[in-house]
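# Summary of structural features
This is what each chain is made of:
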Amino acid sequence: MQPAGDTGELPKTFTFDNVFDWNSTQSDVYTETAKPIVDSVLEGYNGTVFAYGQTGTGKTHTMDGGAGDSERGIIPKTFTQIFEAIQARQRVLTCTLLQQTTQQSTFRPHC
């Protein structure tokens, strides 16, 4: 995608790894975005999932999810994948979650 820049500016180029529409499920988003990062973390690499965007665009819903197992977001799906791997490998894990909004910052240790 290449939108025109302001007068006197060169056009800007934007690239996307994935684009999801309204038919995408929480599982689709997790499988394509966070799961590969979690897989790498389980192999010993550092990983970050960063949700950024305009207010009201669905970041909280994507990260936390909704009611029901099929509506679980990235955070609960990530912890499920991590704890299942720990159980299978008999490993120890340390993790943290930081949620920052313009109104507040919360540090919620989950593990």
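These remarks concern the structure in this document. Fair warning: this is a prediction, and the values are worked out from it, not measured in the lab.

### Let's talk about the overall build of the protein
Scanning the protein for helices and strands turns up three helices and two strands. Start at the N end of the protein and walk to the C end: the helices and strands fall as α-α-α-β-β. Expressed as a percentage of its 111 residues, the buried residues of the protein come to 17%. A separation of at least 24 residues holds for 35% of the contacts in the protein among residues at least 6 apart in sequence. Carbon and sulfur atoms make up 52% of the accessible area of the protein, which amounts to about 8900 Å² in all.

### Digging into the nonpolar core
Grouped burial of nonpolar side chains is what soluble globular proteins tend to show. If you look at the biggest cluster of nonpolar residues, it comprises 13 residues, and the most contacted ones within it are Tyr30, Val38, Ile74 and Ile75. If you list the elements that add at least two residues to this core, you get helix H1 (26-42) and helix H3 (74-89). Examining the composition of this core, we find that six residues originate from one element, H3, more than from any other. Ignoring any residue separated from it by four or fewer positions in sequence, one finds Ile75 in contact with Met63, Asp64 and Leu97.

### Describing a nonpolar patch on the surface
Judged by side-chain polarity, Phe14, Phe16 and Val19 come together as a nonpolar surface patch covering roughly 340 Å² of accessible area. Among the secondary structure elements, Phe14 is positioned in the segment before H1. Phe14 sits in the partly exposed class, given a relative accessible area of 41%.

### A look at the side chain of Thr78
Considering the arrangement of structural elements, one finds Thr78 in helix H3. In this view, Thr78 contacts Tyr30, Ala34 and Val38; residues no more than four positions away in its chain are not counted.

### Brief notes about H1
When the local axis directions of H1 are compared, the greatest deviation, roughly 45°, occurs at Ala34, which is followed within four positions by the proline Pro36. Taken residue by residue, H1 has Gln26, Val29, Tyr30, Ala34, Val38 and Leu42 as its buried positions. Within two residues after H1, Gly44 carries a phi angle of roughly 110°, on the positive side.

### Details of the layout of surface pockets
Approximately 850 Å³ is the volume found for the second largest pocket. Going through the elements one at a time, H1 and helix H2 (59-64) are the ones with two or more residues in the lining of the second largest pocket.

Here is what the cut-offs are and how they apply
- Residues numbered from 1 in each chain as written.
- Predicted model: local features only at pLDDT ≥ 70, side-chain atom pairs only at ≥ 80, totals over all residues.
- Heavy atoms only, no water.
- Helix = DSSP H or I, 4+ residues; strand = E, 2+ residues; numbered from the N terminus.
- Buried < 20%, exposed > 50% of the residue type's maximum accessible area, 1.4 Å probe, protein only.
- Contact = heavy atoms within 4.5 Å.
- Areas by Shrake-Rupley, 256 points an atom, 1.4 Å probe, with all protein chains shown as cover.
- Core = buried A, V, L, I, M, F, W, Y, C linked by side-chain atoms within 4.5 Å.
- Patch = residues over 30% accessible without salt bridge, like charges linked within 9 Å, V, L, I, M, F, W, Y side chains within 5 Å.
- Salt bridge = Lys/Arg side-chain N within 4 Å of Asp/Glu carboxyl O.
- Bend = angle between axes of the 7 residues up to and from the residue.
- 1 Å grid on protein atoms, 1.4 Å probe; cavity = no way out; pocket = protein on both sides within 12 Å on 5 of 7 lines; lining within 4 Å.
- Points joined across faces, edges and corners; volume = space filled by probe spheres on them.

Limitation: the analysis is restricted to geometry and does not speak to function.
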